[in-house]
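# Examining the three-dimensional arrangement
Spelled out, the chains give:
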Amino acid sequence: MRKTEHQLFRCSKAWQIFRKEMLRTHPYCSFCHSNRSTRIVHHIFNCQTEEEYEDLTPSRFIVLCSQCHSYLHWIGRKKSDSTAVR
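Reading the values: the criteria
- All residue numbers here refer to positions counted from 1 along the written sequence of the relevant chain.
- In keeping with the predicted nature of the model, local features appear solely for residues at pLDDT of at least 70, side-chain atom pairs appear and are counted solely at 80 or more, and the whole-chain, interface and lining totals rest on all residues.
- Neither water nor hydrogens contribute to the side-chain values; these are computed over all heavy atoms in the structure.
- Planes of paired rings set the category: under 30 degrees apart is stacked, over 60 is edge-to-face and the rest tilted, where pairs are Phe, Tyr or Trp rings (Trp by its six-membered ring) whose centres lie within 6.5 Å.
- In DSSP terms, a helix is any run of H or I states spanning at least four residues, a strand is any run of E spanning at least two, and both are numbered starting from the N terminus.
- Three exposure classes are used, based on accessible area relative to the maximum for each residue type with a 1.4 Å probe and protein chains only: buried under 20%, partly exposed in between, and exposed over 50%.
- Our definition puts a charge over a ring when NZ of Lys or CZ of Arg is within 6 Å of the ring centre and also within 35 degrees of the ring normal.
- A pair of strands counts as paired when DSSP detects no fewer than two bridges linking them.
- Whenever a carboxyl oxygen of Asp or Glu lies within 4 Å of a side-chain nitrogen of Lys or Arg, that contact is scored as a salt bridge.
- Any two cysteine sulfur atoms lying within 2.5 Å of each other are counted as a disulfide.

Below, the discussion takes up the packing of aromatic side chains. Overall, the coordinates contain six aromatic pairs when judged by the stated rule. An angle of 45° between the planes, with centres 5.7 Å apart, marks the rings of tryptophan 15 and phenylalanine 18 as tilted. Taken as a pair, tryptophan 15 and phenylalanine 18 lie in helix H2 (residues 13-25) at a separation of three residues, close to a single helical turn. Considered together, tryptophan 15 and phenylalanine 18 belong to a single accessibility category, that of buried residues. By the ring-pair criterion, three or more aromatic residues cluster together here, those being Phe9, Trp15, Phe18, Tyr53 and Phe61. Above the plane of the ring of tryptophan 15 lies arginine 10, whose end atom (NZ or CZ) is 4.0 Å from the centre.

Shown next as structure tokens:
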């Protein structure tokens, strides 16, 4: 399987450093406020270009536990204009 541009970016040193810092400075899930061990750094906005996807401005991201991350994507599939997705 060939890695996508997003997968390659997520393997980059810049992303790894950024992710580690986000998890350090945001130790709780932004939705449920749990501190479950599995936490995900999630884009707040739907990225249309590679430049947007690779923009590591902290205000463009939130930290979520895996359960809330799954729920957020489920909402997005059910109702793409949901304010919870935005």
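Turning our eyes to something else, we now look at the pairing of strand S1 (residues 39-43). Across the five residues of S1, four count as buried, placing the element largely inside the fold. Pairing of S1 with strand S2 (residues 61-65), which is carried by five bridges, proceeds in the antiparallel orientation. Each residue of the ladder has a partner; that of arginine 39, found in S2, is cysteine 65.

The subject of this paragraph is the pattern of salt bridges. A full pass over the atoms with the stated rule returns two salt bridges. A salt bridge links arginine 24 to glutamate 21, with the nearest nitrogen and oxygen atoms 2.6 Å apart. Within this pair, arginine 24 and its partner glutamate 21 are both found in helix H2, separated by three residues, close to a single helical turn.

This brings us to the state of the cysteines. Going through the model one piece at a time under the given rule, you end up with zero disulfides. You can see cysteine 29 has no disulfide; the closest cysteine sulfur is in cysteine 68, sitting 3.7 Å from it. Overall, cysteine 29 belongs to the buried group, its relative accessible area being 1%. For cysteine 68, which is in no disulfide, the shortest distance to another cysteine sulfur is to cysteine 65 and amounts to 3.6 Å. Residue class for cysteine 68 comes out buried when judged on its relative accessible area of 13%.

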